[in-house]
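Given next are the chains, with one letter for each unit.
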Amino acid sequence: MTITFITGANKGLGRETARRLIECGHTVLVGARDRERGEEAAAALGARYVPIDVTDDASVAAAAADVAAHEGRLDVLINNAGVHGAVGDPGDLTAADALAVLDVNVIGVIRTTTAFLPLLRRSADPVVVNVSSGMGSLALTHDPARPESHVVAPLYTASKAALTMLTTQYAKGLRGIRVNAADPGYTATDLNGHSGPQTVTEGTDAIVALATEKPGAGTGRFVSREGEIAWS
């Protein structure tokens, strides 16, 4: 049985990923900061709720300890929790604004991955999936035919560019662990006021594909629902 932990899994892409992976036979652990919402999602999905706030060292350590005590190992870690930050004119941005976004979207991934590495190393086929975005791609955000080029979201885009590069470095440095990034595409979620043209099911295609690959699949890749994409 594949044991999968998903951060930010009480709604949106995280919750739909949990639902689909349970259908695939995974034992899913719903990670969420809000206990009420996390417990509700876990109960509705047939999963187990694990409290986690990816911006808090103690909370992340407690979540890893919880999984160690109950499951004993982890096969798939999906770093999905994310925030959007300010949209529009970057002239009013503050350091505090930047720290708030980076603390979730980048540093939170580092906190969580580091804390769960001992559990992943107990797996016969450990996998990390980082939910990034084409919004962090220079190529896509400069292509007028792409929706990514029509949005000014300085902190979100910067954080996702950093996360994709972090993924490649983890892939090079973490021997024996597949680490890949997923681009969900423009999906209707709370993050964008449900303005995206894709459903959450379509938005989770790449995440689910990476989480269910067979042993020996590649590492250090950036994948959308259309397939592997070059990142620049």
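Higher on the page you've got the structure.
Residues numbered from 1 in each chain as written. Predicted model: local features only at pLDDT ≥ 70, side-chain atom pairs only at ≥ 80, totals over all residues. Heavy atoms only, no water.

Moving on, we come to the pattern of salt bridges. Throughout the structure, instances matching the rule amount to 14 salt bridges. Close ionic contact of R19 with E23 constitutes a salt bridge, the shortest N to O distance being 2.9 Å. Of this pair, R19 and E23 are both found in helix α1 (residues 12-23), four residues apart, which corresponds to roughly one turn of the helix. Linking D205 and R20 is a salt bridge whose minimum nitrogen-to-oxygen distance equals 2.8 Å. Taken together, the residues D205 in helix α9 (residues 205-211) and R20 in helix α1 connect sequence positions 185 residues apart. (Salt bridge = Lys/Arg side-chain N within 4 Å of Asp/Glu carboxyl O. Helix = DSSP H or I, 4+ residues; strand = E, 2+ residues; numbered from the N terminus.)

Given a rise of 1.5 Å per residue, 14 residues ought to cover 20 Å, and the 19 Å separating the end C-alpha atoms of helix α5 (residues 107-120) matches this to within 8%. Of all the residues in α5, the buried ones are G108, V109, R111, T112, T113, F116, L117, L119 and L120. As for α5, its buried residues are in contact with β1 (3-6), α3 (57-70), β4 (76-79), α4 (95-105), β5 (127-131) and α7 (154-173). (Expected span 1.5 Å × (residues − 1). Buried < 20%, exposed > 50% of the residue type's maximum accessible area, 1.4 Å probe, protein only. Contact = heavy atoms within 4.5 Å.)

Attention shifts here to the sheet that holds strand β6 (residues 178-182). The mixed open sheet is built from eight strands, whose spatial order is β3-β2-β1-β4-β5-β6-β7-β8. Only two strands of the sheet have a single partner each, and these edge strands are β3 (48-51) and β8 (227-228). Pairing between strand β2 (residues 27-32) and β3: four bridges, direction parallel. Opposite V30, over in β3, you have Y49 as the bridge partner. (Pairing = 2+ DSSP bridges.)

Let's shift gears to the side chain of T167. Within the fold, T167 resides in helix α7. Not counting the four nearest positions on each side in its chain, T167 is found in contact with N130, V179, N180 and A181.

Another point: the packing of aromatic side chains. Taken as a whole and assessed by the stated rule, the structure comprises one aromatic pair. Plain terms: the ring middles of F5 and F116 are 4.8 Å apart, the flat faces sit at 35 degrees to each other, and that makes the pair tilted. With F5 in strand β1 and F116 in helix α5, this residue pair connects regions lying 111 residues apart in the sequence. Taking the relative accessible area as the measure of exposure, F116 reaches 0% and is therefore buried. (Phe/Tyr/Trp six-rings, centres within 6.5 Å; stacked < 30°, edge-to-face > 60°.)

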